[in-house]
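# Commentary on secondary and tertiary structure
Letter by letter, the chains look like this.
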Amino acid sequence: MLDRIKSLHDEIACITAANKDEAEELRIKYLSKKGLVSKLFDEFKNVPVEQKKAVGAAINELKNFATEKINGLKEAFQSGHSGAEGLDLTLPGDSISLGSRHPLSIVRNEIIRIFSRLGFVVSEGPEIEDDWHVFSALNFAPEHPARDMQDTFFIEKDPDVLLRTHTSSVQVRVMEKTQPPIRAIFPGRVFRNEAISYRAHCIFHQVEGLYVDENVSFADLKQTLLFFSRELFGEKTEIRLRPSYFPFTEPSAEMDVSCSICGGKGCNVCKHTGWLEIMGCGMVDPNVLDLCGIDSKKYTGFAFGMGIERIAMLKYGVKDLRLFFENDVRFLNQFQSAL
Ligand code: PHE
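Just so it is clear, the model here is predicted, and its values are computed rather than measured.

Looking now at the overall build of the protein. Within the protein, the regular secondary structure consists of 12 helices and 10 strands. By the compact-globule yardstick of 20 Å for 339 residues, the protein is too spread out, its C-alpha radius of gyration being 38 Å. Principal axes of the C-alpha set define a box for the protein whose edges measure 120 × 50 × 35 Å. Sorting the 339 residues of the protein into buried and exposed places 41% on the buried side.

Right, let's get into the site of the ligand. Around the ligand lies a shell of 14 residues, among which H166, S168, R192, Q206 and E208 are the nearest. Separating an oxygen atom of the ligand from a side-chain N or O atom of R192 is a distance of 3.0 Å. In isolation the ligand has 330 Å² of accessible area, and contact with the protein removes 89% of it. Contributing elements (two or more residues each) for the shell around the ligand: α7 (168-177), β6 (203-213), β9 (275-284) and β10 (300-307). Residue contributions to the shell around the ligand peak at 3 residues, all from β10. Considering only residue class, the shell around the ligand consists of 5 nonpolar, 7 polar and 2 charged.

A few words now on the sheet that holds strand β3 (residues 154-156). Overall, antiparallel pairing links the 3 strands, which are arranged β2-β4-β3 in an open sheet. Two strands lie at the open edges of the sheet, namely β2 (128-130) and β3, each paired on one side alone. Strand after strand, the sheet turns through a mean of 35 degrees between neighbouring axes, direction not considered. Pairing between β3 and strand β4 (residues 161-163): 2 bridges, direction antiparallel. Residue pairing in the sheet places F154 in a bridge with L162 of β4.

A word on the packing of helix α3 (residues 36-43) against helix α4 (residues 49-78). Orientation of α3 relative to α4, taken along the N-to-C sense of each, is 165 degrees, at an axis distance of 10 Å. By the angle between their axes, α3 is roughly antiparallel relative to α4. Between α3 and α4 lies a crossing of left-handed hand. The segment α3 lies against α4, with V37, L40 and F41 engaging I59, N60, L62, K63 and A66. The class makeup of the residues in the contact of α3 with α4 is 6 nonpolar, 1 polar and 1 charged.

Right, let's get into the packing of aromatic side chains. Ring pairs (aromatic) are described by centroid distance and by the angle formed between their planes. All told, the structure shown has 13 aromatic pairs when counted by the stated rule. Ring geometry for F115 and F228: centres 4.7 Å apart, planes at 20 degrees, overall stacked. You can see F115 sitting in helix α5 (residues 103-116) and its partner F228 sitting in helix α8 (residues 218-233), a full 113 residues away along the chain. In terms of burial, F115 and F228 fall into one category: buried. Taking 4.8 Å as the distance between ring centres and 75 degrees as the angle between the ring planes, the aromatic pair formed by Y316 and F335 counts as edge-to-face. You can see Y316 sitting in helix α10 (residues 308-316) and its partner F335 sitting in the segment after α12 (329-332), a full 19 residues away along the chain. Residue classification places Y316 among the partly exposed positions, given a relative accessible area of 32%. Judged by its relative accessible area of 7%, F335 is buried. By the ring-pair criterion, three or more aromatic residues cluster together here, those being F115, F120, Y211, F228, F302 and F304.

Calculation notes
- Residues numbered from 1 in each chain as written.
- Predicted model: local features only at pLDDT ≥ 70, side-chain atom pairs only at ≥ 80, totals over all residues.
- Heavy atoms only, no water.
- Helix = DSSP H or I, 4+ residues; strand = E, 2+ residues; numbered from the N terminus.
- Rg over C-alpha atoms; globule rule 2.2 N^0.38 Å.
- Buried < 20%, exposed > 50% of the residue type's maximum accessible area, 1.4 Å probe, protein only.
- Near = heavy atom within 4 Å.
- Polar contact = N/O pair within 3.5 Å; in protein donor to acceptor, adjacent residues only side chain to side chain.
- Areas by Shrake-Rupley, 256 points an atom, 1.4 Å probe, with all protein chains shown as cover.
- Nonpolar A, V, L, I, M, F, W, Y, C, P; charged D, E, K, R; others polar.
- Pairing = 2+ DSSP bridges.
- Axes fitted to C-alpha atoms, helices over the stretch in contact; angles between N-to-C directions.
- Parallel < 35°, antiparallel > 145°, perpendicular 65-115°, else oblique.
- Left-handed = near helix turned anticlockwise from the far one by under 90°.
- Contact = heavy atoms within 4.5 Å.
- Phe/Tyr/Trp six-rings, centres within 6.5 Å; stacked < 30°, edge-to-face > 60°.

Take a look at the structure:
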């Protein structure tokens, strides 16, 4: 009897089925009431008492083995993982979806590309700075409110270690190290102690520009910014400069571009003025040149600084600045660019 069980075990170990029906036939052959395994149970009563224990265990084991094996064959067809059946080797593979560049990187790269055509090179400076590079060398008065803890993130006091509040600190670093001609832009992250809202964030991005040489004039500044604005927003774009104040430029101005959404006619984005404020700029204050080791009697220069978020918002019609920092792929996927 044990030999028969063993050979039946070997037989079942080798069974295969090409489809569901064949698997069902195997079930009937081995496991139905009249099947080969069930028959062993019928014969069990004739087994001598002293063998009953061993034979009983062997039959049970065989039944479990056969049930598992045949169920396995059936399941393979149900879930479709039957090997060759249903497999089409000519189907194209799953495509790999490419990521997209962050909209702030796209805009930053575009700004860099435009200025590089005018001969500006790119430099970078540290985000963790000291009072000298962020404020003092830029002509900020000792009691200037920008130095306040309400505006600036301090890491340490006395001596001050702080997060830069603007990329103008890189102007100082470059002028301290290089004699004119200097023509460079400085992209980077800046930090201000501001409550986060749809139009403000405690971290944002700027691109600063600096041009120092003999005979650099306000007209050069204006022409550079007009070229830049038309490249970025379209050839019909006009610019306007409004008097302003920065401690490190004199004279200083805010630059507006004609609204690229309504073409200057007035809309919600430009608050019906036809103009959008884009950047601060001005002639480098002679004090700043001298503090950085550049002879202000021989050289003049201009500087400008713009926020990348603001330009990206205008360019892409984004109404909430926080979207740039949340990294929601549904937002980011919408920006495909070669830049
Ligand atoms: N640093 C100024 C700001 O953050 C911008 C600016 C840069 C103004 C260079 C003039 C010249 O607002």
